[in-house]
Amino acid sequence: MNMNKIAIATLRFAAAAALVSSLAACADLSRQQAHAGVGAAAGGALGYLVTGGPIGTVVGAAAGGLIGAGVRGSCADSRPDAQTAFDSRSRAIFASS
């Protein structure tokens with residue numbers, strides 16, 4: 001009986017991971033929408049695992065979506081000129097050698 005619960009929880013976690021992966025592959029979503037979707041999926045899965053019921057799933061999805069929508073990404077994402085500046089500096093260093 002306990003093995004069935006573990007198998008079901010593992011299957012649900014795998015389904016949530018597949019959902020997260022499919023949301024990450026959507027190219028037509030804005031960065032904020034993609035982060036909100038991934039956060040909602042992860043929050044819903046975690047909420048279900050913690051509470052085992054639909055209320056935890058809904059609350060977890062709502063919290064995850066809000067947190068995911070607020071994520072800005074890495075420093076390089078928020079400053080697109082950072083990579084250009086790094087490239088020009090590295091070219092100057094290697095050109096002078």
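Residues numbered from 1 in each chain as written. Predicted model: local features only at pLDDT ≥ 70, side-chain atom pairs only at ≥ 80, totals over all residues. Heavy atoms only, no water.

Asks: Hey, could you go over the overall build of the protein chain for me, with residue numbers and the actual values?
Replies: The helix and strand inventory of the protein chain stands at five helices and zero strands. The linear arrangement of helices and strands in the protein chain, starting from the amino end, is α-α-α-α-α. Buried residues in the protein chain amount to 18% of all 97 residues. Pairs at least 24 residues apart make up 49% of the contacts formed inside the protein chain by residues separated by at least 6 positions. When the accessible area of the protein chain is evaluated, it comes to approximately 7200 Å², of which 69% is carbon and sulfur surface. (Helix = DSSP H or I, 4+ residues; strand = E, 2+ residues; numbered from the N terminus. Buried < 20%, exposed > 50% of the residue type's maximum accessible area, 1.4 Å probe, protein only. Contact = heavy atoms within 4.5 Å. Areas by Shrake-Rupley, 256 points an atom, 1.4 Å probe, with all protein chains shown as cover.)

Asks: Run through helix α3 (residues 54–70), naming residues and quoting values.
Replies: When the terminal C-alpha atoms of α3 are compared, their 24 Å separation across 17 residues agrees well with the 24 Å that a helix rising 1.5 Å per residue should span. Buried residues of α3: G56, G60, G64, G65 and G68, and no others. Seen end-on, α3 carries its buried residues on one side only, within an arc spanning 160°. The exposed residues of α3 that point more than 90 degrees off its buried face are I55, V58, V59, L66 and G70. On the buried face of α3, the contacting elements are α2 (31–51). (Expected span 1.5 Å × (residues − 1). Arc of directions from axis to C-beta.)

Asks: Lay out α2 with the relevant residues and their values.
Replies: The end-to-end C-alpha distance of α2, which contains 21 residues, comes to 30 Å, matching closely the 30 Å that a straight helix rising 1.5 Å per residue would cover. Within α2 the residues assigned to the buried category are A34, A36, G37, G39, A41, G43, G44 and G47. At the exit of α2 stands G52, carrying a positive phi of roughly 80°.

Asks: Mind laying out the environment of I67, listing which residues take part and the relevant values?
Replies: Position of I67 relative to the elements: it lies in helix α3. The exposure class assigned to I67 is exposed, which follows from its relative accessible area of 60%. C-alpha of I67 to C-alpha of A36: the two residues are 31 residues apart in sequence and 7.2 Å apart in space.

Asks: Just give me the short version of the environment of G70, but keep the residues and values in it.
Replies: Structurally, G70 is set in helix α3. Residues G70 and H35 lie 35 residues apart in sequence; the distance between their C-alpha atoms is 8.1 Å.

Asks: Just give me the short version of the packing of α2 against α3, but keep the residues and values in it.
Replies: Axis separation between α2 and α3 bottoms out at 6 Å; the angle between their running directions is 150°. Considered as vectors, α2 and α3 are oriented roughly antiparallel to each other. Here the hand of the crossing between α2 and α3 comes out right-handed. For the pair α2 and α3, the contacting residues are Q32, H35, A36, G39, A40, G43, G44, G47, Y48 and T51 in the first and G56, T57, G60, A61, G64, G65, G68 and A69 in the second. The residue inventory of the contact of α2 with α3, partitioned by class, reads five nonpolar, 13 polar and no charged. (Axes fitted to C-alpha atoms, helices over the stretch in contact; angles between N-to-C directions. Parallel < 35°, antiparallel > 145°, perpendicular 65-115°, else oblique. Left-handed = near helix turned anticlockwise from the far one by under 90°. Nonpolar A, V, L, I, M, F, W, Y, C, P; charged D, E, K, R; others polar.)

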